[in-house]
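Descriptive analysis of the structure
This is what each chain is made of:
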Amino acid sequence: MPAQAYAGKECVCQLRKGMCDQSCVQGMLDTPFYIACLRLTGRRCLVVGGGDVGLEKVEGLLACDGDVTLVSPEAVPELEELAAEGSIGWDRREYRPEDLEGTFIVIAATGDTDVNIRVFEDAERRAMLVNVVDVPPLCNFILPAIIRSGPLAIAISTAGASPALAKRIRDEIADEYGEPYARLAILLNEVRGWAKGVLPTYQDRKVFFESIVNGEPDPIELLRGGDEAAVRDLIAAAQQTHQPA
């Protein structure tokens, strides 16, 4: 795509082309991303940038029990409050490469292109997880739009092409996959120990759980109708059916 189409839009990636011509993102849609769920509890998570976007990323990391540190000379009031109550650490200064030591994941959310590039390059040298907000080429992972309900999390990704589209998809399916699915996940988790202790193989356990999830009557419809007892009866019946002889 010709650079003239982006007249006035400065390059924000490591190519430092002056004027953006989108050459850095041409391969993004062909990149096969490995989707994973990270356990952040007790892990140091760094956010560089104290604006509204930084606040959004801090809140997301806190929701997953990350040990969050903010690096920024200034911060929006909400971040100041989180620091004052001890929910996050706050280093009130400019970013330094040593901030990455001992860090599991870093998100750069500053309005300074040079700082964002430095964070990316410093993290890459350390083989760390790094995301520069809204600049997919400066990320070795991207953040999908998330639907959360209890233990259930559904991620929607457009490979960085359009976060707005991912959010629209998230909003459209949020009502479809909500509390009943989360409740069924909890009920099935209650019998995981039994299944591992009684059913000898992975295939046996797979068949057992699928017989409940895909069985009749539909456990999701029962939960939508508020009949959790009937779902527990379904699970108990499946346990009897799949009990080894």
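Our subject is the structure listed above.
How each quantity is defined
- Residues numbered from 1 in each chain as written.
- Predicted model: local features only at pLDDT ≥ 70, side-chain atom pairs only at ≥ 80, totals over all residues.
- Heavy atoms only, no water.
- Helix = DSSP H or I, 4+ residues; strand = E, 2+ residues; numbered from the N terminus.
- Polar contact = N/O pair within 3.5 Å; in protein donor to acceptor, adjacent residues only side chain to side chain.
- Contact = heavy atoms within 4.5 Å.
- Pairing = 2+ DSSP bridges.
- Axes fitted to C-alpha atoms, helices over the stretch in contact; angles between N-to-C directions.
- Core = buried A, V, L, I, M, F, W, Y, C linked by side-chain atoms within 4.5 Å.
- Buried < 20%, exposed > 50% of the residue type's maximum accessible area, 1.4 Å probe, protein only.

Okay, the side chain of Thr103 next. Looking at the element boundaries, Thr103 is found in the loop between β3 (89–91) and β4 (105–108). A distance of 2.7 Å separates a polar atom in the side chain of Thr103 from a polar atom in the side chain of Arg44. For Thr103, the side chain forms a polar contact with the main-chain oxygen of Asp99, separated by 3.2 Å. Apart from the residues within four sequence positions on either side, Thr103 is in contact with Arg44, Leu46 and Met128.

A separate point is the sheet that holds strand β5 (residues 129–132). Across the sheet, 5 strands lie side by side as β3-β2-β1-β4-β5; this open sheet has parallel pairing. Each of the sheet's edge strands pairs with one partner strand only, and the pair in question is β3 and β5. The sheet shows a mean angle of 15° between the axes of neighbouring strands, taken without regard to direction. With 3 bridges connecting them, strand β2 (residues 67–71) and β3 associate as parallel partners. Following the sheet pairing, Leu70 is matched in β3 by Trp90. Running at roughly 170° to strand β1 (residues 44–48), helix α1 (residues 52–63) makes contact with β1, β2 and β4 of the sheet.

This part covers the nonpolar core. Counting 18 residues, the largest nonpolar core has Val58, Leu61, Val68, Leu70, Leu79 and Ile88 as the members making the most contacts within it. Secondary structure elements with two or more residues in this core: β1, α1, β2, α2 (77–84) and β4. In this structure Ile88 touches Val58, Leu62, Val68, Leu70, Leu79, Leu82 and Ala83, once residues within four positions along its chain are discounted. By size, the runner-up hydrophobic cluster in this structure holds 17 residues, among which are Tyr95, Ala108, Val115 and Met128.

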